[in-house]
Amino acid sequence: MLHCADEPRQVAYRNFNLCPHCEQRGEDPLLLRMSECIPMISRSDGKNFHLLLADRPVPFPAERREGPSREFSVCFWYCLGEQKKETKSSLVLVPAESKGHGDLYREIESIADLLVKKLLERKKLAVLYNLQGNSLRELGY
Ligand SMILES: [Zn+2]
């Protein structure tokens, strides 16, 4: 288990497969995802919440036929306090900007950190965000 001294104290666990928060609640700690072929990007304080990347980044909008897509949509699942079956999801639109895959996943790591910050402040996340620079802007439908 990685422990990073530079991170805020509330995020003690990063990129785990077995969730310490679920384990503490007596639930199955294994985190399942829609796609297992992506790096595990997960966060938890080991007690109150977990957040993880649920699927590989999907070009957005999906139905766009011409030219490269301008954005990726990245889906996260999170669970705050409640039981694992109450897992909620939050979608983040990331500008594509000719990023290689390695860079994209590095960016997703920092998005996970931004989401955790919001989650701890507001006790929930919006359904949809747009990444602008280094911050997340909430989008309405
Ligand atoms: Zn958990």
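Use the structure listed above.
This report concerns the structure included in the present document. (Residues numbered from 1 in each chain as written. Predicted model: local features only at pLDDT ≥ 70, side-chain atom pairs only at ≥ 80, totals over all residues.)

1. Structural notes on unusual backbone geometry
(1) Moving on: For the bond from Phe-60 to Pro-61, the omega torsion is -5 degrees, close enough to zero to count as cis.
(2) Moving on: Positionally, Pro-61 belongs in the loop between strand S4 (58-60) and strand S5 (71-80).
(3) Moving on: Within the chain, Asn-15 stands out as a residue other than glycine whose phi angle is a positive 55 degrees.
(4) Moving on: Tracing the sequence through the fold places Asn-15 in the loop between strand S1 (13-14) and helix H1 (20-24). (Helix = DSSP H or I, 4+ residues; strand = E, 2+ residues; numbered from the N terminus.)

2. Observations concerning the pairing of strand S3 (residues 49-53)
(1) Moving on: With 5 of 5 residues buried, S3 is to be regarded as a mostly interior element.
(2) Moving on: Both faces of S3 are covered, namely the face carrying Phe-49, Leu-51 and Leu-53 and the face carrying His-50 and Leu-52.
(3) Moving on: The pairing of strand S2 (residues 42-44) with S3 spans 3 bridges and is antiparallel. Paired with Ser-42 across the strands is Leu-52, a residue of S3. (Buried ≥ 20, exposed ≤ 12 C-beta atoms within 10 Å, placed from the backbone. Pairing = 2+ DSSP bridges.)

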